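Next come the chains, spelled out residue by residue.
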Amino acid sequence: MDNTQFVLLGLAIAVIAFLYSSVGHAGASGYIATMTLFGLATTIIRPTALVLNILVATIGSFQFWRAGHFSWKLFWPFALLSIPAAYFGGYLQPSAGVLRILIGIVLLFSAARLIFRRGDPEETVLPSKPMAVGVGAGLGFLSGLTGTGGGIFLTPLLLFCQWAKIRQAAAVSALFILVNSIGGLIGYFTAVHSVPILGIYLAIPAVIGGTFGSYLGSRRLPVRSIAIFLAVVLAIAGTKLIFTR
């Protein structure tokens with residue numbers, strides 16, 4: 001990758017961090033899509049996405065908590081087993097072909113989720129503890145395996161099941177993404193004993209974009225047009241991963 005491509009990648013990462021953090025996510029699927037379009041190897045993409053996820057999710061968790069949208073009672077059952085499950089998923093090292101298809105499916109699912117995003121439910125009810133713990137474990141494993149934080153699955157589930165309103169779902173998902181990204185990255189590092197240095201270089205644009213996006217998203221930014229734009233990018237990248245050999 002030459003200097004021009006690296007600068008363009010950094011700008012793209014900043015934009016993705018801004019857009020995703022505005023809806024309570026850390027941007028892993030967007031980073032994966034962007035790095036895929038730039039032709040990076042899946043073995044580099046996965047841990048790099050987790051590093052950027054941790055940085056942006058930390059900022060987003062703080063911003064949505066400070067804005068008063070976080071619910072510990074809703075969060076902890078989902079997180080209880082998700083962290084060890086994310087560690088196990090991050091430890092596994094599937095073949096490049098299998099990983100490419102898995103990540104492609106995640107991207108396409110993310111695109112569909114963004115397009116069919118639901119509005120605020122009129123009333124919400126907390127899920128049962130066993131249900132939340134089981135769902136959290138499954139999402140944690142998937143997040144570690146694919147290099148995402150699991151928020152792309154948790155947020156629509158919280159809304160579809162009427163367990164949370166949009167900004168509350170965003171706040172819970174932000175911290176869920178953070179803890180699972182940490183678990184996944186530790187699992188990955190345990191298995192391979194290294195993390196690509198690319199994540200360090202891309203940290204600055206990710207932090208800048210995540211700071212502005214989460215601040216605006218936790219307070220006033222409309223998100224529907226952003227969601228549609230992101231869905232198009234994710235669909236292109238997901239299709240490229242699945243069908244390109």
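Residues numbered from 1 in each chain as written. Predicted model: local features only at pLDDT ≥ 70, side-chain atom pairs only at ≥ 80, totals over all residues. Heavy atoms only, no water.

Participant: I would appreciate a short explanation of a nonpolar patch on the surface in the present structure.
Facilitator: Where nonpolar side chains cluster on the molecular surface, the patch consists of Met1, Phe6, Val7, Leu8, Leu11, Ile197, Ile200 and Tyr201 and spans about 810 Å² of accessible area. Of all the elements, helix H1 (residues 3-21) adds the most residues to the nonpolar patch, at four residues. For Tyr201, a relative accessible area of 48% puts it in the partly exposed group. (Patch = residues over 30% accessible without salt bridge, like charges linked within 9 Å, V, L, I, M, F, W, Y side chains within 5 Å. Areas by Shrake-Rupley, 256 points an atom, 1.4 Å probe, with all protein chains shown as cover. Salt bridge = Lys/Arg side-chain N within 4 Å of Asp/Glu carboxyl O. Helix = DSSP H or I, 4+ residues; strand = E, 2+ residues; numbered from the N terminus. Buried < 20%, exposed > 50% of the residue type's maximum accessible area, 1.4 Å probe, protein only.)

Participant: Can you help me understand the environment of Thr42 in this one?
Facilitator: With respect to the helices, strands and loops of the structure, Thr42 is situated in helix H3 (residues 42-66). Placed ten residues apart in sequence, Thr42 and Ile32 show a C-alpha to C-alpha distance of 8.6 Å. Those residues in contact with Thr42, other than ones at most four positions away along the chain, are Ala96, Leu99, Arg100 and Leu241. (Contact = heavy atoms within 4.5 Å.)

Participant: What exactly am I supposed to notice about helix H7 (residues 129-146) here?
Facilitator: Given 3.6 residues per turn, any residue in an α-helix points the same way as the ones three and four places further on. For H7, spanning 18 residues, the distance from its first C-alpha to its last is 26 Å, which sits close to the expected 26 Å at 1.5 Å a residue. Inspection of H7 places Ala132, Val133, Val135, Gly136, Ala137, Leu139, Gly140, Ser143, Gly144, Leu145 and Thr146 among the buried residues, and these make up the whole buried set. (Expected span 1.5 Å × (residues − 1).)

Participant: So what exactly am I meant to see when it comes to the packing of H3 against helix H9 (residues 166-192) here?
Facilitator: Each pair of packed helices can be summarised by the angle the axes make with each other and by the distance between the axes. Put simply, H3 and H9 touch, their axes get as near as 8 Å, and they point 140° apart. With respect to H9, the axis of H3 lies oblique. For the element pair H3 and H9, the recorded crossing hand is left-handed. Residues Thr43, Arg46, Pro47, Leu50, Val51, Asn53, Ile54, Ala57, Thr58, Gly60, Ser61 and Phe64 of H3 pack against Arg167, Ala170, Ala171, Ala174, Leu175, Ile177, Leu178, Ser181, Ile182, Gly184, Leu185 and Tyr188 of H9. The residue inventory of the contact of H3 with H9, partitioned by class, reads 15 nonpolar, seven polar and two charged. (Axes fitted to C-alpha atoms, helices over the stretch in contact; angles between N-to-C directions. Parallel < 35°, antiparallel > 145°, perpendicular 65-115°, else oblique. Left-handed = near helix turned anticlockwise from the far one by under 90°. Nonpolar A, V, L, I, M, F, W, Y, C, P; charged D, E, K, R; others polar.)

Participant: Could you clarify how one ought to interpret H1 in this entry?
Facilitator: Across its 19 residues, H1 extends 27 Å between first and last C-alpha, which sits within 8% of the 27 Å expected from 1.5 Å per residue. Inspection of H1 places Leu9, Gly10, Ile13, Ala14, Ile16, Ala17, Leu19, Tyr20 and Ser21 among the buried residues, and these make up the whole buried set. The opening residue of H1, the one whose side-chain oxygen lies 3.2 Å from the backbone nitrogen of Thr4, is Asp2. (Polar contact = N/O pair within 3.5 Å; in protein donor to acceptor, adjacent residues only side chain to side chain.)

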